[in-house]
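Chain by chain, the residues:
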Amino acid sequence: MSIQKTSSLFSLGRSAMFTQRQKMNTVQNNISNASTPGYRRKEAVLQTSSDGMGGVEVGNTRSRKAPFVQDQLTFWNDQAGFHEEKKKALEPIEASLNADGENILQGRVNEFFKKAQSLTASPGESVDRRDFLNRAKEMTTHFSRTRSTLSRQRETLRKQIGGKVEKINQRLNKIGQLNGQIDGAREGQNIGDVVDQRDQAVEKLSKQMGIDVVKKEDKTVQIVTKNGNSLVEGGTVHELEAKNPDASTMAIHIPDRPSDKPLDDSEIGGGLGGLVDAHNNTLSDQIRDLDQLAANFAKAFNEQHEQGYDANGNQVDGTPQQNFFTVNSSSASEYSVDPTDSAEVQGAAREIEVNQVIVDDPSKFAAADGGSPAEPEPGNNGNLQKLLDIREQKLGTGFSGPGKKLEDGLREINTTIGQAISTAKHEKETTGRMVEQLNSIETSQEGVSLEEEMMELNEAQRAFQAATKVMRSGEEMFKSLLSIKR
Amino acid sequence: MRVTELGKKRSLVKRIKTNQANLQEAVEELSTGKKVREPSDDPIAKEMIERLRSATKRHKSFIESGQKFKQQLKTSEDALGSAENALQNAKEIAMDFGNDPNPGAANAEVAADRIAKIKDTVLDAANTKYRGKYVFGGVQDDSAPFNEHGDYTGDKSEATEVRSVTVSYKTQVDQISGAKVFAGAPYTSSPPTEVDNPPDPSDPPNEYQTQGTNIFDTLDKIEAGLRNGNHEQVRDQIDNIDKGMDQLNQARERVGYQIQTINHAKNFSENIVLKNTEQKSNLEATDVADAATRVQTATNALEATTQVAGKVKQVSQSFLKL
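Bear in mind that the values here come from a model prediction, so they are computed numbers and not experimental data.

Examining the overall build of chain B
Stage number 1. Helices and strands together make up the secondary structure of chain B, namely eight helices and four strands.
Stage number 2. Along chain B, from the amino end to the carboxyl end, the secondary structure elements read α-α-α-β-β-β-β-α-α-α-α-α.
Stage number 3. Counting only residues that meet the buried cut, chain B has 43% of its 322 residues in that class.
Stage number 4. Residue pairs at least 24 apart in sequence account for 71% of intrachain contacts in chain B once pairs closer than 6 positions are excluded.

Structure representation (structure tokens):
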């Protein structure tokens, strides 16, 4: 037996010990990251040593992957993220607009008409007139509060959208950076962990925004929007920018793009898309409708009020200063608003008030349809009856569809918001279950099972011990060989 | 299927969160007694509930205005009754002296004084107030419709205009016109006729005009006849007293009819309110037994899940000790 062949026992044993130690390192890494979200279980793949001398080495460390699941997750994360953010954006409004199960503004409108009805029995009584005017003031106050609630939430969403865009840009930059590291890796360098981090970042991005992922041969990925606009290509990142061209619109741009056109609302997707949809569509539409309703109602009421006579027999002269409702928007005149002018209508619900001149002197309310200063008719309720009829009128101007009665319009606003939240809730549940299921499959295929790792550890430990035994045997044999020479 | 650490954790956390959410939902429903609290709970049902609530409030407003007006009408009814009784006394005096050829000057003077007092009583009735407003003043209820002489002081061109009050959908009730009842203003549609410019009897009759009797004029003539010893004049007014009493009686009947209309309208509205409340409750209210069962079920599920979480941990720890 040659000394070389005897010494080969040492090299074989050494390679085995080294390899098993590497394997134990891999197992240790797996155990340490057992609960790390996005971590893929690594396997040390053993192979016969490539130097021709026998022995074992770690060929490569591979990650368990579930590519089909990842593609599906990208889609469903987008859907779930959209509905979740939209639900979160709209739910706070519902709580503010309703109390004890009743829509607050609708309740005030009901009270206003109730007092008007009651006043028809005693239109000349100043106490009853004052009571009616107080109800009118409460109603206008709640028009304003409802409008403020909606617009404050819209303002909050604006800030959230800005914050979301910043976070998305950070994530895009991280993906770009990790792509760069992957692309720049040396031949044979272990980039499994970097790829895992990159894929985890992509998965989180898919919840924030709707994206498509294009896998490249160099193991980098290209991230594009749903309409194909590039966000990340290799190490190059095209960041997003949020703009606010007018009060009712938030627009998402990619400044690097040659065209300055913003992304379509439908293209954005994910949580950002949910916030933009809630801002641009649900909230802005309802604010506009509320303003339109207020403007239409104020105009119809004022026009009828103009036909009447006050308790002192004076006819309302038709000037805006004698209007019952005033609208002090920045573009409207102090007392009146043109419901066909969208600039004047904007803010009408916030600005509508009962004319202070009438509040200060309730006898100026024109409840009568006749009389004169010489022969006043304080007990005449003819014009008041016609004012009450406005409740049943369809206030037609300015809506995209047919005209609406005031109460129907208010109910529609409440119902639309409720429906948007309800749909978002149900869709979130449905898409959430899909995401949950996919995550479950993903973690099942890619995740770490401690029981499995313990078995691997035991195996590596025993192999390591066996290798040390071989080396000890080799040492004994070597000593024996050396003792023969003496 | 491989069971991984992250998978186990996610699954358990998800189950616990779901059970907590279910428990919270069931508790909310049980404690409020409502299954539809916000529009997002059931948008369609909520819209129906709001419609029913609006309709209920509307009917309640009809009831309120009706009851308010009813009090005014009851006051008018009492006043008309008082006036009718007074006129009855006047008739008796007129009949006694009208048919007695030698009543005696002193007795006639006493009778004339009694007629004057009767006129004051009828005047008080005609100027009756309710909550500071003249119930027979029509639309000019701030000022007394009749002066101390019994002359109508209201808007002469609008003598018959009264206030109408809506007490239900399409149902209106009116005030009683003092000008018509006490001053005999014509029952007319447009154009209205002035009180002190009645139509010429020689004119062809207008189907819309029926000239009534001025009660105060009648009493003035009786008083004058008694003071002058002109018992023929007194006798001639007995028919007018009868007509006046008829006017008052018809007005009382009309008031009674108006009050009945208000009562029927109130009953109708109350029935609607009851039905609406029932429908609203069907849409909105929760089944308490069902909600209580769900609370119990959700509580049990939550307890079971947390116990399972504990057992899973024990199994893992046991394995790791091998």
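As for the interface of chain A and chain B
Stage number 1. Across the contact, 64 residues belong to chain A and 52 residues belong to chain B.
Stage number 2. Here chain A and chain B share an interface that buries about 4,800 Å² over both sides, 46% of which is from carbon and sulfur atoms.
Stage number 3. For the chain A face of the interface with chain B, the top three residues by lost area are A:Q117, A:A121 and A:R411, together amounting to 12%.
Stage number 4. The tally of links between chain A and chain B comes to twelve salt bridges.
Stage number 5. One salt bridge in this structure joins A:E392 and B:R58, with 2.4 Å as the shortest N-O distance.
Stage number 6. Linking chain A to chain B there are 36 residue pairs in polar contact (both at pLDDT 80 or more).

Let's talk about the sheet that holds strand β5 (residues 211-215) of chain A
Within a sheet, each strand pairs with its neighbour through backbone hydrogen bonds, oriented either parallel or antiparallel.
Residues and elements named next belong to chain A.
Stage number 1. Spatially, four strands are ordered β5-β6-β7-β8 in an open sheet, and the strand pairing comes out antiparallel. At either end of the open sheet lies a strand with only one pairing partner, and these are β5 and β8 (236-237).
Stage number 2. In terms of strand pairing, β5 meets strand β6 (residues 221-225) through five bridges, oriented antiparallel. Of the residues in β6, the one forming a bridge with K215 is V221.
Stage number 3. The strands touched by helix α4 (residues 126-183) within the sheet are β6, β7 (230-233) and β8, with β7 carrying the most contacts at an inclination of about 30°.

Points about the pattern of salt bridges
All names here are of chain A.
Stage number 1. Tallying each qualifying case throughout the model produces 66 salt bridges over all chains.
Stage number 2. E85 is the partner of K164 in a salt bridge, and the nearest nitrogen-oxygen pair spans 3.5 Å. Residue K164 is found in helix α4, and its partner E85 is found in helix α2 (residues 67-97); the two are separated by 79 residues along the sequence.
Stage number 3. On the basis of relative accessibility, which here comes to 16%, the residue K164 falls in the buried class.
Stage number 4. For E85, a relative accessible area of 14% gives the class buried.

Things to note about the environment of B:L248
Residue and element names in this part refer to chain B.
Stage number 1. Structurally, L248 can be placed in helix α7 (residues 238-284).
Stage number 2. On the basis of relative accessible area, L248 is assigned to the buried category, the value being 0%.
Stage number 3. For the pair L248 and E47, spaced 201 residues apart in sequence, the C-alpha to C-alpha distance is 51 Å.
Stage number 4. Apart from the residues within four sequence positions on either side, L248 is in contact with L80, A83, E84, L87, V181, F182 and I215.

What counts and how
Residues numbered from 1 in each chain as written. Chains lettered and ligands numbered in written order. Predicted model: local features only at pLDDT ≥ 70, side-chain atom pairs only at ≥ 80, totals over all residues. Heavy atoms only, no water. Helix = DSSP H or I, 4+ residues; strand = E, 2+ residues; numbered from the N terminus. Buried < 20%, exposed > 50% of the residue type's maximum accessible area, 1.4 Å probe, protein only. Contact = heavy atoms within 4.5 Å. Buried area = accessible area lost by both parts, 1.4 Å probe. Salt bridge = Lys/Arg side-chain N within 4 Å of Asp/Glu carboxyl O. Polar contact = N/O pair within 3.5 Å; in protein donor to acceptor, adjacent residues only side chain to side chain. Pairing = 2+ DSSP bridges. Axes fitted to C-alpha atoms, helices over the stretch in contact; angles between N-to-C directions.

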